[in-house]
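Take a look at the letters that make up each chain.
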Amino acid sequence: MDDLCWYSDFKIFPRGNSMVYWNGKFQPSSKFPRGNIDINKNMLSETKILTMIESGELLFPPLKFRLLKKNVRNKDWGCDAVLEAAWNKEKFTFAAAIKRYSSDRTVFDAIRESSFVADKLSAFPIVITPWLSEEQVLNLEAEGVSGIDLCGNGVIVIPGKVLIIRSGKPNAYRDSRTVKNVYEGTSSLVARAFLLKPSYKSVTEIVEEIQSRSGTITQPTVSKALKQLEADVVIWKEKGLIKLVQAEKLLDRLVANGKKPERLAETAGKLQCAQSDVSRVIANTARKVSGARTVVTGACSVNQYATMAREPLVEMYCDIDPSRLVSALNKQVDSTSRFPNFRLIQTDDPTVFFDARTDNEVEYSSPLQCYLELMQGDKREREAAAQVRELILKGIEEPSQVRIP
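Residues numbered from 1 in each chain as written. Predicted model: local features only at pLDDT ≥ 70, side-chain atom pairs only at ≥ 80, totals over all residues. Heavy atoms only, no water.

Taken N-terminus to C-terminus, the directions of helix α7 (residues 247–256) and helix α10 (residues 367–374) make an angle of 55°; their axes are 9 Å apart at the nearest point. Overall, the two elements α7 and α10 adopt an arrangement that is oblique. Between α7 and α10 the crossing geometry is right-handed. Seen from α7, the contacting residues are Leu251, Leu254 and Val255; seen from α10, they are Leu368, Tyr371 and Leu372. Taken together, the residues of the contact of α7 with α10 break down into six nonpolar, no polar and no charged. (Axes fitted to C-alpha atoms, helices over the stretch in contact; angles between N-to-C directions. Helix = DSSP H or I, 4+ residues; strand = E, 2+ residues; numbered from the N terminus. Parallel < 35°, antiparallel > 145°, perpendicular 65-115°, else oblique. Left-handed = near helix turned anticlockwise from the far one by under 90°. Contact = heavy atoms within 4.5 Å. Nonpolar A, V, L, I, M, F, W, Y, C, P; charged D, E, K, R; others polar.)

Take a look at the structure:
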């Protein structure tokens, strides 16, 4: 997103024709260069950020910021800084909450903090962090709270007078604490577990839930994943309870970070049996081959959870070389057929077998795996995914009814 501005009737200016709304007048944002801060790529402390503000390095044209007071403290509350923003003859006072990290949870807490103090000081609240994502910028605007980062993104909200929204600048201050992506691979099993059971009493209970659904994970991995999920305000911890608070957001994060399972090997052929029996024959044969396991892929499992016409080709994941399964099927398979009715895909992806559902001796991918794979497909598959998404959320308390403390 480039600069965006709108006012009381929510008129939105398209990209490339952005405007700044100021005291009832719209002016092209191109008149006001964004400015480029001389960025130190290392992580910053709150003290360093405050020093940058003090030296005039907080840039958000057309506004010019200056520090009035820092570390304002009272018996019952505190404020990192009091700032003044000016343009032409207009001046506005802000109570700032400055944070060195930019996680959703950090920004969420900063909104609360700055809003509380701003009310005490008869000022406007503002959040300042190293970087703000587009989602965070829009959330700040929705809360009526200003926020600026050190990369050129942010929102300024002066009710009835000023609304400037700017995002799209990349993050120059990567958080070294986040080591792994918790929405993919083994770590994603933690996120997936919350879509099956929205609350847990302990890390041990989460591990047991994952293991009960054919997942393998350690307590340290779960603990690390929980920290990031909490930072993203997807889950919330309180009084011995770990609970899901934003199911929709969790699903969106899983989709955004989704990757197709790695294919180690694959083979296709035509099995000489009724099409409705193909998956069952393969599954039963696999069990006889050293206890091998198969599961129908997420996309091919769609008719277990939604309605969508598909070509008569069954795709199945397996945990052994598919050529061994074809050999075990013996003369029942025509490997040279131009019209195969099955494809076997070997993978070691830990997510494909997690929470698989058995029907008529065949294991099908979980509703979530089905949803994620459909979302990577064409328009028709994404339309079917909407049905599966509704099914996933049906058993979970509606996000709008879950209140973050």
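After that view, the rundown keeps rolling.
Attention now goes to the sheet that holds strand β11 (residues 199–200). In spatial order, the strands read β11-β13-β12; together these three strands make up an open sheet with antiparallel pairing. Two strands lie at the open edges of the sheet, namely β11 and β12 (235–238), each paired on one side alone. Pairing geometry for β12 and strand β13 (residues 241–244), over four bridges, is antiparallel. The residue of β13 that forms the bridge with Ile235 is Leu244. Packed on one face of the sheet, helix α6 (residues 219–231) meets β12 and β13 and runs near 105° to β12. (Pairing = 2+ DSSP bridges.)

This part is about helix α5 (residues 203–212). Along α5, the residues classified as buried are Ile206, Val207, Glu209 and Ile210. When α5 is viewed along its axis, its buried side chains cluster within an angular range of 160° and face the same direction. Buried positions along α5 lie against α4 (188–194), β11, α6 and β13. Downstream of α5 by one or two residues, Ser214 has phi in the positive range, about 70°. (Buried < 20%, exposed > 50% of the residue type's maximum accessible area, 1.4 Å probe, protein only. Arc of directions from axis to C-beta.)

By themselves these figures say nothing about function.
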